[in-house]
Amino acid sequence: MTSTLPAATKTQVKVPAQRTAVPTAGSTSRTSPSASASPSPKRLRDSRPDLLLCGLLLVAIMVVQGWNIADYPTLSDDEGTYLAQAWAVQEGRGLAHYTYWYDHPPFGWIQIAVLTWIPAQLAPESMTVGSMRAVMLLISAISAVLLYVLGRRLSLPRWAAGLGMALFGLSPLSVVLQREIFLDNIAVMWTLLAFCLAASPSRHLWHHFGAGLAAAAAVLTKETMLLVLPAVLLTMWRHSHRDTRKFAITGAVTACTLIGVSYPLFALLKGELMPGDGHVSLWDGIVYQMSRPGSGFILTEGTGSYGVLQSWLYYDRVLPLGGLAGALLLLITWRWSVTARALAGPALAVAILAGMALRPGYLPAMYVLQALPFLALVLAGGTASVTHGVLRRWRSTTEKRALTWARHGVALVLAAAAAVYVVPRWYDGNHTAMTFNANAPYQQASKWLGSEIENPGDTRVLVDDALWLDLVHEGYKPGLGVIWFYKADLDPAVTKTMPRGWRDLDYVVASPTVRRDAVDLPNVKAAMDNSTPVATFGTGEDRIEIRKIEAAGGDR
């Protein structure tokens, strides 16, 4: 589209005391109970200050992300595709609204189907992209809390864990992308759960097996999460006890593999593992994903990847660039900083994802979603390291009061400078997200097609998937009446119902996505060339035209 099991470990090895402190490598002197006013709790629920801080931040994140969620940002074809596939699962029509061709593992939209099942039963007409974005709030809430828990388990001070949560949930870049129905958002939630279980202070073996299960769920939601698995293993290695480490790692890898292999096993049982005549295959899907045309080097002006990078930086420079700087700082100070070593897993995740973004391959706009939680954590960790250096480094019991006050003065100046730079920019970005209606043209086009077409049940119209479900609810036949425009050229099950090509269609809804991709789709391009606008909503590049196709040779 264009995002371990408690193995029967009956070991006789004597497991050391459980629920002991985080291993030496993962704790820091300034965050230990004896040295900090905010010790990291064994469990979040045991600490009232942590619950209060996490709760307040969660409310702020939910308000900012939820307000105006249906109207901003602009609906995307990918969102419509995943929601339409979830609708197909709910309706018992299979794994997709057209032939499932192994573009992504289906676990992602199966979860969306579960999340939207109740609202779809109560109000079927609400099963549209804008209204169903509300379910992503639940995913965002879980991910934000998991990030706070992970920060505390990685021995960040309370304020730094809160800073990481705020960076992750309130950055305008996060607000925009986390609102959208992307598989990446759900996969990030599972990945954070895997990290939290891998860093569990209890060190139960089942926690580590659970980390493997969560990692497998993340990969089956969005296959690109495979890239982050080494960082999960590194975190587990550092936080497991040396006497049980081999069981923890083995169990986690085994559980992850056993669950992950269910996907190719599913294809094998359907006879669709390898290519063959008359059917799709998992192998063809992998080949397609691996051979997608590259979008150029991300730092070369004029390439597609450069444009994607600029779109990220348009919404927020603080989190992407500050996170990379934080990861670099932790890397440089690895030898001396316990914080750097404690955050080795998230820092490795940032390094892997940044390295992949630098290769001249295909770079989708939602790619940064996978990196956002780790960028937030390493930026918060880097901030904690700098704060520690200013307030504590080379400090002795005989230090003069004036020098101590100077240290606090420097810390306040740095904090004030950061606030002066960040707050206005984040206010502008989030104010736009909370007030601007970018989807009025889609809403107007849907209303027009539902009221101005006399017999929608006998009308064939090409649309992008952002509108597909709206028109199904308006009475158009799903699949061959309202047609996802790619299928008019790429799906034999659809093209065989169009013996005269574009002449067998009545309307084409020319959204920005349809206009952009029509050049590579002969039937769609011909439908565009042989049609005239009967209604236009919006202006400029974002306009949506409803074009009536003038079929040469008479009506079909």
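None of the values given here were measured: they were computed from a predicted structure.

*Asks:* Please provide a residue-by-residue account of the overall build of the chain, values included.
*Replies:* Broken down by element type, the chain carries 26 helices and five strands. What you see for the chain is a C-alpha radius of gyration of 26 Å, in line with the 24 Å of a compact globule of 556 residues. If one aligns the C-alpha atoms of the chain with their principal axes, the spans along those axes are about 95 × 55 × 45 Å. In the chain, buried positions account for 53% of the 556 residues. Total accessible area computed for the chain in this model is approximately 25000 Å², and 64% of it derives from carbon and sulfur atoms.

*Asks:* Go over the pattern of salt bridges with me, naming the residues and quoting the values.
*Replies:* Applying the stated criterion to the full structure yields 12 salt bridges. Of the charged contacts in the structure, one is a salt bridge between Arg516 and Asp517, with a shortest N-O distance of 2.9 Å. Among the residues examined, Asp517 registers a relative accessible area of 15% and is labelled buried. Close ionic contact of Arg547 with Glu545 constitutes a salt bridge, the shortest N to O distance being 2.8 Å. Taking the relative accessible area as the measure of exposure, Glu545 reaches 10% and is therefore buried.

*Asks:* So what's going on with the pairing of strand β4 (residues 531–537)? Which residues, and what values?
*Replies:* Inspection of the sheet shows β4 paired to strand β5 (residues 544–549) by six bridges, in the antiparallel sense. Bridged to Thr536 within β5 is Glu545. In this structure, the hairpin formed by β4 and β5 is closed by a connection of six residues, where Gly538 is found at a positive phi of approximately 85°.

*Asks:* With reference to specific residues and values, describe the packing of helix α3 (residues 107–115) against helix α10 (residues 205–221).
*Replies:* Remark: α3 packs on α10, axes separated minimally by 6 Å, with the N-to-C direction vectors making an angle of 95°. Accordingly, the angle class assigned to the pair α3 and α10 is roughly perpendicular. Where α3 abuts α10, its residues Phe107, Gly108 and Gln111 lie against Ala217, Leu220 and Thr221. Here the residues of the contact of α3 with α10 sort into three nonpolar, three polar and no charged.

*Asks:* Tell me about the packing of aromatic side chains, and please be specific about residues and values.
*Replies:* Scanning the model with the defined rule gives 13 aromatic pairs in all. In this structure, Arg393 is placed above the aromatic ring of Trp394, and the distance from its NZ or CZ to the ring centre is 5.5 Å.

*Asks:* I'd love a proper account of a nonpolar patch on the surface, names of residues and values included.
*Replies:* Side chains of Met274, Trp283, Ile286, Val287 and Met290 sit close together on the surface and give an oily, nonpolar patch of about 540 Å² of accessible area. Mapping Met274 onto the fold places it in the loop between α13 (262–269) and α14 (282–290).

*Asks:* Can you tell me about α10, naming the residues and giving the values?
*Replies:* End to end, α10 covers 25 Å across 17 residues, agreeing with the expected 24 Å (1.5 Å per residue, within 8%). Within α10, 15 of the 17 residues are buried, which leaves the element mostly enclosed by the surrounding structure.

*Asks:* So what about the sheet that holds strand β2 (residues 482–484)? Which residues, and what values?
*Replies:* Read from one edge of the open sheet, five strands run β2-β1-β3-β5-β4, paired in mixed fashion. The open sheet is flanked by β2 and β4, the only strands paired with a single partner. The mean inter-strand angle of the sheet, taken between neighbouring strand axes irrespective of direction, is 25°. Two elements, strand β1 (residues 461–463) and β2, share three bridges in a ladder whose sense is parallel. Following the sheet pairing, Val461 is matched in β2 by Val482.

Rules of the game
- Each chain has its residues counted from 1, running along the sequence as written.
- In view of the model being predicted, local features appear only for residues whose pLDDT reaches at least 70, and side-chain atom pairs are presented and counted only at 80 or more, with totals across whole chains, interfaces and linings using the full set of residues.
- As a rule here, side-chain values cover all heavy atoms of the structure and leave hydrogens and water aside.
- Every helix listed is a DSSP run of H or I at least four residues long, and every strand listed is a run of E at least two residues long, numbered separately from the N terminus.
- For a compact globule the rule gives 2.2 Å times the number of residues to the power 0.38, and the radius of gyration it is set against comes from C-alpha atoms.
- Whether a residue is buried, partly exposed or exposed follows from its accessible area with a 1.4 Å probe, protein chains only, as a fraction of its type maximum: under 20%, in between, or over 50%, in that order.
- We get accessible surface area from the Shrake-Rupley algorithm with a probe of 1.4 Å; when it comes to residues, only the shown protein chains can shield them.
- When a carboxyl oxygen of Asp or Glu is within 4 Å of a side-chain nitrogen of Lys or Arg, the pair counts as a salt bridge.
- At least two bridges found by DSSP between two strands are what make those strands a pair.
- Whenever a helix is involved, its axis is fitted only over the stretch in contact; in every case the axis is a line through C-alpha atoms, and angles between N-to-C directions fall within 0 to 180 degrees.
- To sort the angles, those under 35 degrees are grouped as roughly parallel, those over 145 as roughly antiparallel, those from 65 to 115 as roughly perpendicular, and the leftovers as oblique.
- Every residue pair with non-hydrogen atoms within 4.5 Å of one another is taken to be in contact.
- Classification used: nonpolar for Ala, Val, Leu, Ile, Met, Phe, Trp, Tyr, Cys and Pro, charged for Asp, Glu, Lys and Arg, polar for all others including Gly.
- Stacked, tilted and edge-to-face are the three classes assigned to paired rings of Phe, Tyr and Trp, where Trp is represented by its six-membered ring and a pair needs centres within 6.5 Å; plane angles under 30 degrees give stacked, over 60 edge-to-face, the rest tilted.
- Look at NZ for Lys and CZ for Arg. If either is within 6 Å of the ring centre and within 35 degrees of the ring normal, a charge sits over the ring.
- Within the patch definition used here, like charges are joined within 9 Å and nonpolar side chains (Val, Leu, Ile, Met, Phe, Trp, Tyr) within 5 Å, considering only residues with over 30% relative accessible area and no salt bridge.
- In a helix, the anticipated span is given by 1.5 Å times the number of residues less one.

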